[in-house]
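Fold and geometry: a report
Okay, here's what each chain looks like letter by letter:
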Amino acid sequence: MSKKDFYEVLGVNQDASEEEIKKAYRKLAMKHHPDRNPDNPSAEEKFKEAKEAYEILSDAQKRAAYDQYGHAGIDPQTTFAGGQGFGNFSDAFGGIFDEIFVNRAGGGRSGVYRGADLRYNLEITLEQAAKGTETKIRIPAMESCDTCHGSGARPGTEPKSCPTCNGSGQIRLQQGFFSIQQTCHKCHGTGRFVSDPCVDCQGSGRVKRHKTLAVKLPAGVDEGQHIRLGGEGEHGINGGPPGDLYVQVHLKPHQMFTREHNNLHCEMPISFTTAALGGEIEIPTLDGAANLKIPPETQSGQIFRLRGKGIKVVRGSLYGDLLCHVVVETPVRLTERQKELLRELEELSSGKDGVKHNPRAQSWMDKVRDFFASP
């Protein structure tokens, strides 16, 4: 089984600072520590994953190797100069070729990164999902710092060339004729070093702000579906493009209906008399009240379908159905006269006419007798 990405395990971005990594690890360690989750193998496994991720990302050299080669770069079975691992033979030659082309190009990597995608959980009512709605959301996001204009340096100063990689964003490890290039752990591949950081963004070039966005949900949107707002995620680094915002829909429980794709279900209690003699009842729909005819001799659990009274198909013209589940209600708090009438009904329904009035009960009793009579 392939290992999870260490940045994903800790829930941080690849450009996270050492302090952000440490804070994320402490939070996960407290949550999943075995002492706080006895007899929970899943929590213990998550604790081990977080511990391993922190051990790698908190070490500058190991983190640089991991950024360059992934899990293969920290494999202790295959190491190069300085204890840095790399995955296989082709990785080694890849480092040599990278060095040749980088030197010819006259510089290293640009350090431009796309902004992180964001997710927002939006709760809406069933009525809003059925008819569609437009709502406003307020989200936190990392945006370019206005004070330093994203440079990370205090106004009046500029970032300097990184002294570790001489501004290339890469460092070279060499053993014999093999040459391997890695992302510089000092500047994280940007080639720049901020010696006098901006007081507002602490040198990161980005600050946390809140913004308000309008989200339009189409009629028929369902639980778990998401709406993508392109370019509304976090701002990129060093001029990189912004990420996207994914608004994930969650439906609030409804007091009357439950949803199954585009169909709706509801329970309708009816009286014993209505079930036996038939009648007409009023039921609710998302479009208002509707009348439902109950035929005589209706049994509890019987389902009546009202076509087209469900949820509209997203970006379509069809509608689902409303399925009414009938529940015959046993009368309670009976008067003596009511009890007397029910006993009289029982007497009239028993005897030779029992099969005619209660066919399912009679059939069930026959099966019970056959069951006990069988050897």
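This report concerns the structure included in the present document. (Residues numbered from 1 in each chain as written. Predicted model: local features only at pLDDT ≥ 70, side-chain atom pairs only at ≥ 80, totals over all residues. Heavy atoms only, no water.)

1. So, the overall build of the protein chain
For the record, the criterion: Here a strand is any run of E in DSSP of at least two residues, a helix any run of H or I of at least four, and the numbering for each starts at the N terminus. Per-residue accessibility, obtained with a 1.4 Å probe over protein chains only, is compared with the maximum for each type, and a residue is labelled buried under 20%, exposed over 50%, and partly exposed between these values. Whether two residues touch is decided by their heavy atoms; if any such pair falls within 4.5 Å, the residues are in contact. Accessible surface area values rest on a Shrake-Rupley calculation with a 1.4 Å probe, where residue burial reflects the displayed protein chains alone.
Broken down by element type, the protein chain carries 10 helices and 15 strands. Looking at the protein chain residue by residue over its 375 residues, the buried ones come to 34%. A separation threshold of at least 6 residues defines the contact pool for the protein chain, and within that pool the share at least 24 residues apart is 61%. Of the accessible surface of the protein chain, which amounts to about 23800 Å², a share of 51% is contributed by carbon and sulfur atoms.

2. Notes on the pairing of strand β13 (residues 288-294)
Convention followed: For two strands to count as paired, DSSP must find a minimum of two bridges between them.
Here strand β12 (residues 279-285) runs beside β13; their pairing, made up of 7 bridges, is antiparallel. Pairing of proline 284 across the sheet is with alanine 289, part of β13. Taking the residues that link successive antiparallel strands as the turn, the β12-β13 hairpin has 2 residues.

3. Some details on the sheet that holds strand β9 (residues 245-251)
Definition in use: Interaxial angle, 0 to 180 degrees, is taken between N-to-C directions of lines fitted to C-alpha atoms, where a helix line uses only the stretch in contact.
Spatial ordering of the open sheet is given by β1-β9-β8, a layout of 3 strands whose pairing is mixed. This sheet does not close on itself; its edge strands, each paired only once, are β1 (118-124) and β8 (226-229). The mean inter-strand angle of the sheet, taken between neighbouring strand axes irrespective of direction, is 25°. Sheet topology note: the β1/β9 ladder contains 7 bridges and is parallel. Residue pairing in the sheet places glutamate 123 in a bridge with histidine 250 of β9.

4. Focus on the packing of aromatic side chains
The condition is simple: In summary, the pairing rule links any two rings of Phe, Tyr or Trp, Trp by its six-membered ring, whose centres are within 6.5 Å, and it sorts them by plane angle into stacked for under 30 degrees, edge-to-face for over 60 and tilted for everything else.
Per the stated rule, a full pass over the model turns up 1 aromatic pair. Summarising the aromatic geometry, the rings of tyrosine 25 and tyrosine 54 are spaced 4.4 Å apart at their centres and angled 5° between planes, so their arrangement reads as stacked. You can see tyrosine 25 sitting in helix α2 (residues 18-32) and its partner tyrosine 54 sitting in helix α3 (residues 41-57), a full 29 residues away along the chain.

5. So, the nonpolar core
Formally: Put simply, a nonpolar core is a bunch of buried Ala, Val, Leu, Ile, Met, Phe, Trp, Tyr and Cys residues held in one set by side-chain atoms that sit within 4.5 Å of each other.
Core analysis: the biggest nonpolar cluster contains 20 residues, and Ile283, Leu292, Leu322 and Cys324 have the highest contact counts within it. Broken down by secondary-structure element, the contributors of at least two residues to this core are α6 (126-131), β11 (263-271), β12, β13, β14 (303-306) and β15 (322-329). Looking at this core, the element that brings in the most residues is β11, giving 4 residues.

6. Digging into unusual backbone geometry
With a phi close to 65°, glutamate 297 is a non-glycine residue in the positive phi region. The topology assignment puts glutamate 297 in the loop between β13 and β14. Its identity as a non-glycine residue notwithstanding, arginine 333 has a phi of 50°, on the positive side. Overall, the relative accessible area of 78% leaves arginine 333 in the exposed class.

7. Some words on the environment of tyrosine 66
Inspection of the secondary structure assignment puts tyrosine 66 in helix α4 (residues 60-69). Assessed through its relative accessible area of 5%, tyrosine 66 is described here as buried. Once the C-alpha coordinates of tyrosine 66 and aspartate 5 are considered, the two residues, 61 residues apart in sequence, prove to be 9.8 Å apart.

8. With respect to α2
To keep it simple, the criterion reads: One less than the number of residues in a helix, times 1.5 Å, gives the span that helix is expected to have. The directions from the helix axis to the C-beta atoms are what the arc is built from.
Relative to the 21 Å expected for 15 residues at 1.5 Å per residue, α2 spans 21 Å between its end C-alpha atoms, a close match to the ideal helical length. Of all the residues in α2, the buried ones are Ile21, Ala24, Tyr25, Leu28, Ala29 and His32. Taken down its axis, α2 places every buried residue within 130° of arc, on the same side. Seen from the buried face of α2, the exposed residues on the opposite side, beyond 90 degrees, are Glu19, Lys23, Arg26, Lys27, Met30 and Lys31.

9. Description of the packing of α2 against α3
Stated formally: Working rule for angles: under 35 degrees goes down as roughly parallel, over 145 as roughly antiparallel, 65 to 115 as roughly perpendicular, anything else as oblique. Two helices crossing with the near one rotated counterclockwise from the far one by less than a right angle form a left-handed crossing, whereas a clockwise rotation gives a right-handed crossing.
Following both chains from N to C, one finds α2 and α3 inclined at 160°, their axes separated by 9 Å at the closest point. In terms of orientation, α2 and α3 fall into the roughly antiparallel class. As for how α2 packs across α3, the hand of that crossing is left-handed. Between α2 and α3, the residues in contact are Ile21, Lys22, Tyr25, Leu28, Ala29 and His32 and Ala43, Glu44, Lys46, Phe47, Ala50, Lys51, Tyr54 and Leu57, respectively.

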